[in-house]
Amino acid sequence: MDSRLKSFVSPEILSREGYTPGFQPKGKGNLIKLNTNENPFPPSPLVANAVLEQTQRLQFYPNPSSHKLRNLIAETHELQEEQVIVGNGSDDILNLCVRAFSDSTRSVGMLNPSYSLYPTLTSLQGSKLEQVEFSDDQFDLPVEKIISSGVNLFFLTNPHAPSGLSFPQHKILEILNRLDAILVVDEAYADFSTKSSISFLEYVDNLIITRTFSKSYSLAGARVGYAFSTPRIIEVLDSVREVYNVDRMSQAAAFAALSDKEYFEDCKSKIISERSKAHEFLTRLGWRTVESQANFILTEPVTKGGKAGKIVAKSLFDYLEKHDIFVRYFPNHRLTESKIRISIGTEKQMTTLFQNINNWQNENS
Ligand SMILES: Cc1ncc(COP(=O)(O)O)c(C=O)c1O
């Protein structure tokens, strides 16, 4: 950037690091993309018609509050429409939380490691960030550290990413009861889990639960997320939302996907079944693998000779990439540096992955 332009840009913006999205490999071919927790199946067949219909009405603005979709989401989860907000992906809603509940004196907290967008949003708002570390390598929820973090807004990813672990519900309730702050439970992956914090909404006034159509409804490309909370908190979030934050086609796509329960259940059960098979395969190899409640699995690769660690994990990551299989490697934290994260794919994709893992082991003693 030249110095004249630099002089126009806010120093806070110049000094911050932007968010790095998961790698999107180029080319179609036979790539196996298991790196960004997308759904391996296309969206419900009802989605295409719903979107096409809206293309005939693109001269009109969309409904500003995504009214019909809010209503269906509320009905699906047995909540009031006033308890629901819809966003341009759940990222949009996470941003609204930061915008409404943090500033230079009201800080934001998160678990480290967890979703790396939280620091980006926090720095854009000019708020301070507290990263709470896990006390052990089992991703045990550090309840006391969260409660005493002194923040105004805390992001708790559950099921946790990148481990896939689902935290005990009684611990989340304890945090809600004792934390003098807003707790955002980011349930981006909750549809693949048997647990949710939705029932807590009846008892507490400081909970926001964020969800997404990106993962379980195969609509990552349409960018639709939503959140549940108290009507008062929803009102606050609505007051800082862009007016037309979700376009016509995306509102219709999400509505159609949510209406097709049979398709949703079918895709979900295929993914959960492949996740069990992956867990079984990896533990049979003797690899420490987290019991995931999400659509991905975190595992620690070990060579035939029994070696594990950073170099080993990177070696498998590179080997798979060379064979057109893309997984995720997070070298920047002690809890992830010796592991790789694999998004759950179709049966065919997973079989190819397992074959490649076997080949890598045979070539690496
Ligand atoms: C924990 C978590 N929250 C939120 C999101 C963002 O989801 P969306 O596509 O709805 O913005 C992701 C995406 O990977 C995620 O991992």
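Residues numbered from 1 in each chain as written. Predicted model: local features only at pLDDT ≥ 70, side-chain atom pairs only at ≥ 80, totals over all residues.

What follows covers the overall build of the chain. Per the secondary structure count, the chain includes 13 helices and eleven strands. A compact globule built from 365 residues would reach a C-alpha radius of gyration of about 21 Å, and the chain, at 21 Å, matches this within 12%. If you line up the chain on its principal axes, its C-alpha atoms span 60 × 55 × 50 Å. Counting every position in the chain, which comprises 365 residues, the buried fraction comes to 44%. (Helix = DSSP H or I, 4+ residues; strand = E, 2+ residues; numbered from the N terminus. Rg over C-alpha atoms; globule rule 2.2 N^0.38 Å. Buried ≥ 20, exposed ≤ 12 C-beta atoms within 10 Å, placed from the backbone.)

Let us look at the pairing of strand β4 (residues 129-133). In terms of strand pairing, strand β3 (residues 108-112) meets β4 through five bridges, oriented parallel. Note that in β4 the partner of methionine 110 across the bridge is glutamine 131. For the segment spanning β3, helix α6 (residues 117-125) and β4, crossover handedness is right-handed. (Pairing = 2+ DSSP bridges. Right-handed = clockwise from strand over helix to strand, strands pointing away.)

Per the domain assignment, the segments of the chain are domain 1 (23-42 + 262-363) and domain 2 (46-259). Counting residues at the interface gives 23 residues for domain 1, matched by 20 residues for domain 2. If you list the elements that add at least two residues to the side of domain 1 that touches domain 2, you get α11 (261-284) and β9 (296-299). Among the elements that take part in the side of domain 1 that touches domain 2, α11 stands out by supplying five residues, more than any other. (Domains from an automatic or database assignment. Contact = placed C-beta atoms within 7 Å.)

It is the contact of helix α3 (residues 46-55) with helix α10 (residues 248-259), at a shortest axis distance of 8 Å, that shows an interaxial angle of 155°. Compared by their axis directions, α3 and α10 come out roughly antiparallel. Our pair here, α3 against α10, has a crossing hand that is right-handed. Residues Leu46, Val47, Ala50, Val51, Glu53, Gln54 and Thr55 of α3 pack against Arg248, Met249, Ala252, Ala253, Phe255, Ala256, Ala257 and Ser259 of α10. Split by residue class, the contact of α3 with α10 holds ten nonpolar, three polar and two charged. (Axes fitted to C-alpha atoms, helices over the stretch in contact; angles between N-to-C directions. Parallel < 35°, antiparallel > 145°, perpendicular 65-115°, else oblique. Left-handed = near helix turned anticlockwise from the far one by under 90°. Nonpolar A, V, L, I, M, F, W, Y, C, P; charged D, E, K, R; others polar.)

For the rest of this paragraph, the subject is the site of the ligand. For the ligand, the set of nearby residues contains 13 residues, the closest of which are Gly89, Ser90, Asp91, Thr212 and Ser214. Of the residues forming the shell around the ligand, the biggest block, three residues, is contributed by helix α5 (residues 89-101). For the shell around the ligand, a count of residues per class yields four nonpolar, seven polar and two charged. (Near = placed C-beta within 6 Å.)

Let us look at α10. Taking 1.5 Å of rise per residue, twelve residues should cover 16 Å, and α10 covers 17 Å from first to last C-alpha, within 8% of that figure. For α10, the tally of buried residues reaches nine of twelve residues, placing the bulk of the element in the interior. Contact partners of the buried residues in α10: α3 and α4 (67-76). (Expected span 1.5 Å × (residues − 1).)

Across the sheet, seven strands lie side by side as β2-β8-β7-β6-β5-β3-β4; this open sheet has mixed pairing. Edge strands, defined here as strands with exactly one partner in the open sheet, are β2 (84-87) and β4. When the angles between neighbouring strand axes are averaged without regard to direction, this sheet yields 25°. Running at roughly 155° to strand β7 (residues 207-212), α5 makes contact with β2, β3, β5 (153-157), β6 (182-186), β7 and β8 (225-228) of the sheet. Packing of α6 onto the sheet brings it into contact with β3, β4 and β5, and relative to β3 it is tilted by some 160°.

With that out of the way, let us pick up unusual backbone geometry. Here asparagine 112 and proline 113 are connected by a cis peptide whose omega angle stands at 5°. By the element assignment, proline 113 lies in the loop between β3 and α6. The residue glutamate 78 is not glycine, and still its phi comes out positive at about 55°. Relative to the helices and strands, glutamate 78 is located in the loop between α4 and β2. Residue class for glutamate 78 comes out exposed when judged on the 8 C-beta atoms lying within 10 Å of it. With phi around 55°, phenylalanine 139 is a residue other than glycine that occupies positive phi space. Following the sequence through the fold, phenylalanine 139 ends up in the loop between β4 and α7 (143-147).

We now examine the packing of α4 against α10. Helix-helix packing is characterised by the crossing angle of the two axes and by the distance between the axes. In the contact formed by α4 and α10, the axes pass within 9 Å of each other and the chain directions differ by 25°. By the criterion of interaxial angle, the relationship of α4 to α10 is roughly parallel. Considering only the axes of α4 and α10, their crossing is left-handed. Here Lys68, Leu69, Leu72, Ile73 and Thr76 of α4 come into contact with α10, specifically with Gln251, Ala254, Phe255 and Leu258.

The biggest cluster of nonpolar side chains holds 91 residues, and the ones touching the most others in it are Cys97, Leu153, Phe154, Leu183, Val184, Ala254 and Ala257. With seven residues, the single largest contributor to this core is α10. Both domains that furnish three or more residues to this core are identified here as domain 1 (23-42 + 262-363) and domain 2 (46-259). Setting aside residues up to four positions removed in sequence, leucine 183 forms contacts with Phe154, Leu156, Ile175, Leu176, Asn206 and Leu207. (Core = buried A, V, L, I, M, F, W, Y, C linked by C-beta atoms within 7 Å.)

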